[in-house]
Amino acid sequence: MNTFNSTTIRRDFPALQQQVYGKPLIYLDSAATAQKPQCVIDTVNAMHTQWNANVHRAVHYLAVQCTERYEQARETVRRFIHALSAQEIIFTSGTTAAINLLAFSFGERWVGAGDEILVTEAEHHSNIVPWQQLCARKGATLKVAPVDDSGRLQTDALAALIGERTRLVCVAHISNVLGIVNPVKEIVQLAHARGVPVLIDGAQGIVHEPVDVQALGCDFYAFSGHKLYAPTGIGVLYGKERYLEQMPPWQGGGDMIASVSFAGTTFADLPLKFEAGTANYIGACGLAAAIGYMESLPAAEAHRYEQALADYTVRRLSAIEGLRMYGAATPKTGVVSFTVDGVHPLDAATILDKSGIAIRTGHLCAEPLMRRFGVHGMLRVSPAFYNTPDEIDTLTAALQKVRKMILF
Ligand code: PMP
């Protein structure tokens, strides 16, 4: 491992200090949701104890302060992902809400009968189901680009599936099952060469890769705060202004209007056009604090440390007899998914839990990918920069014990 000091980092995360079942917690489920640093908890607390007032409405002191903080948070996100303008940052409740917003609004504007939406076989349900629903509403067709046995997305096959009727390509930046980093810039280029815009599902990508939406050239990028050390209930849809401008609002209500009368309603400008109802301004400020925290870390070292820990996890787990790993293709980061011959994933995860080890089990919200690999479920370890090689050693030993308990 490199000089990155995960022992110091761990002190910033109160949840990691606890014991479960009398054992020190080993939290290896950060791809599901990350633990929160104290500065994020403090920010949320300060928003509740000092700054709470509804945004974009009243003229009183607190309302103005709170609105300023909310809009500063938008600017922090803009800077973090290198968007051209803060108008392009729509706050949502998470990746799922961001993709649903897009599916409804983009779909209303540009998708009709006979059109096609292209996804990949390795998508999270959040980047499949909203598109299926859109296709069902509009009489459009969902096309699926395959992955090979190593989990690598077949970009040639994806390119071949982009045709005259393709309206949008939707692809994960990093698979939440395989940890494989997709060549998203290349995908954007080949889709744009055919005049087709691209959505990147960045729920995992935003955590492990520096994201520059202008350099990537993507038209939309969606992510959740809670995987990025921020509170739950806040997320972002980035969209190029020229698309967002032409898209109709999705939900109606307060804050998204310019003027309402029974004769008809006019809508607010971007980004508020897409933010109906009271915003999650406390979550947005928590997200800004989390971004601030990430930016306070030595980014290159943190990245190298996480990568080294993921590689170490792969090496240690590979030594376990009967353990099958999924997604051998590289680059790979953040998650390691596997099964153990003769051991039901749920049994393994339940036994590990009793040793204080938290990992994910089940279909990982990617049933089509489970089917692709011929399994009902997997176990998933997702280390973050607050985890240590010692924890991976403890996990490895515990898994060996699980095998013995169940198979012998
Ligand atoms: N896409 C990917 C790749 C994910 O990993 C997740 C969360 N597991 C989602 C989408 C959905 O995110 P959320 O539940 O925060 O909306």
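Just so you know, these numbers come straight off a predicted model, no measurement behind them. (Residues numbered from 1 in each chain as written. Predicted model: local features only at pLDDT ≥ 70, side-chain atom pairs only at ≥ 80, totals over all residues. Heavy atoms only, no water.)

## Here we look at the environment of D255
Reasoning step 1: Counting through the fold element by element, D255 comes out in the loop between α10 (241-246) and β11 (257-261).
Reasoning step 2: Each C-alpha atom of the pair D255 and F274 lies 8.9 Å from the other, and the pair is 19 residues apart in sequence.
Reasoning step 3: Beyond its immediate stretch of four places on either side in the chain, D255 contacts V55, H56, R57, A268, L272, E275 and G277. (Helix = DSSP H or I, 4+ residues; strand = E, 2+ residues; numbered from the N terminus. Contact = heavy atoms within 4.5 Å.)

## So, empty space enclosed by the protein
Reasoning step 1: Summed over all chains, the structure comprises two cavities of 30 Å³ or more.
Reasoning step 2: In this structure, the largest cavity spans a volume of roughly 80 Å³.
Reasoning step 3: If you go around the largest cavity, you meet 13 residues; those closest to its centre are S30, A31, V207, H208 and K227.
Reasoning step 4: When residues of the lining of the largest cavity are sorted by domain, at least three fall in each of domain 1 (6-30 + 298-407) and domain 2 (41-294).
Reasoning step 5: By volume, the second largest cavity is sized at about 40 Å³.
Reasoning step 6: Along its surface, the second largest cavity is lined by T120, A122, V147, G151, L153, S175, L178, I180 and N182.
Reasoning step 7: By residue class, the composition of the lining of the second largest cavity is five nonpolar, four polar and no charged. (1 Å grid on protein atoms, 1.4 Å probe; cavity = no way out; pocket = protein on both sides within 12 Å on 5 of 7 lines; lining within 4 Å. Points joined across faces, edges and corners; volume = space filled by probe spheres on them. Domains from an automatic or database assignment. Nonpolar A, V, L, I, M, F, W, Y, C, P; charged D, E, K, R; others polar.)

## A closer look at the domain arrangement of the chain
Reasoning step 1: Under the domain assignment, the chain is made up of domain 1 (6-30 + 298-407) and domain 2 (41-294).
Reasoning step 2: Here the C-alpha centre of domain 2 lies 28 Å away from the C-alpha centre of domain 1.
Reasoning step 3: With 32 residues of domain 1 at the contact, the number on the domain 2 side is 27 residues.
Reasoning step 4: Both sides together, the interface formed by domain 1 and domain 2 hides about 2,400 Å², and carbon and sulfur atoms give 58% of it.
Reasoning step 5: Counting the contacts that link domain 1 with domain 2 gives two salt bridges.
Reasoning step 6: The shortest N-O distance in the salt bridge between E121 and R372 comes to 3.8 Å. (Buried area = accessible area lost by both parts, 1.4 Å probe. Salt bridge = Lys/Arg side-chain N within 4 Å of Asp/Glu carboxyl O.)

## Points about the pairing of strand β6 (residues 141-145)
Reasoning step 1: The pairing of strand β5 (residues 116-120) with β6 spans five bridges and is classified as parallel. The residue bridging V119 from the neighbouring strand is V144, located in β6.
Reasoning step 2: In this fold, the crossover linking β5 to β6 by way of helix α5 (residues 129-138) has right-handed handedness. (Pairing = 2+ DSSP bridges. Right-handed = clockwise from strand over helix to strand, strands pointing away.)

## Observations concerning the pattern of salt bridges
Reasoning step 1: Evaluation of the coordinates by the stated rule reveals 17 salt bridges.
Reasoning step 2: Two residues, R74 and E275, come together in a salt bridge whose shortest N-O distance is 2.8 Å. In this pair, R74 sits in helix α3 (residues 61-81) while E275 sits in the loop between β12 (264-267) and α11 (281-296), placing the two residues 201 residues apart along the sequence. Note on accessibility: R74 and E275 belong to one class, buried.
Reasoning step 3: With a closest N to O distance of 3.0 Å, K240 and D219 form a salt bridge. (Buried < 20%, exposed > 50% of the residue type's maximum accessible area, 1.4 Å probe, protein only.)

## Brief notes about the layout of surface pockets
Reasoning step 1: The computed volume of the largest pocket comes to approximately 410 Å³.
Reasoning step 2: As for the largest pocket, its lining consists of 18 residues, and the residues nearest its centre are F80, E209, P210, M294 and A299.
Reasoning step 3: Elements supplying a minimum of two residues to the lining of the largest pocket: α8 (205-208), α11 and α12 (299-318).
Reasoning step 4: Both domains that meet at the lining of the largest pocket, namely domain 1 (6-30 + 298-407) and domain 2 (41-294), each give it at least three residues.

## Considering the site of the ligand
Reasoning step 1: Taken together, T95, T96, H124, S126, N176, D201, A203, Q204, S224, H226 and K227 make up the full set of residues adjacent to the ligand.
Reasoning step 2: In the model, an oxygen atom of the ligand is placed 2.7 Å from a nitrogen or oxygen of the H226 side chain.
Reasoning step 3: Between K227 and the ligand, the recorded distance is 2.7 Å, taken from a side-chain N or O atom to a nitrogen atom.
Reasoning step 4: Within the complex, the protein chains bury 86% of what would otherwise be the 400 Å² of accessible surface of the ligand.
Reasoning step 5: When grouped by side-chain class, the residues that make up the shell around the ligand number one nonpolar, eight polar and two charged. (Near = heavy atom within 4 Å. Polar contact = N/O pair within 3.5 Å; in protein donor to acceptor, adjacent residues only side chain to side chain. Areas by Shrake-Rupley, 256 points an atom, 1.4 Å probe, with all protein chains shown as cover.)

## A short note on the side chain of D219
Reasoning step 1: The residue D219 is located in the loop between α9 (213-216) and β9 (220-224) in this model.
Reasoning step 2: Among the polar contacts listed, one links the side chain of D219 to the backbone nitrogen of V198, at a separation of 2.7 Å.
Reasoning step 3: If near-sequence neighbours (up to four positions away) are discounted, D219 is found in contact with H192, P197, V198, Y238, G239, K240, R242 and Y243.

## Remarks on the environment of K143
Reasoning step 1: Within the secondary structure layout, K143 lies in strand β6.
Reasoning step 2: Non-local contacts of K143, meaning those with residues more than four positions away in its chain, are made with E116, I117, L118, V119 and L161.

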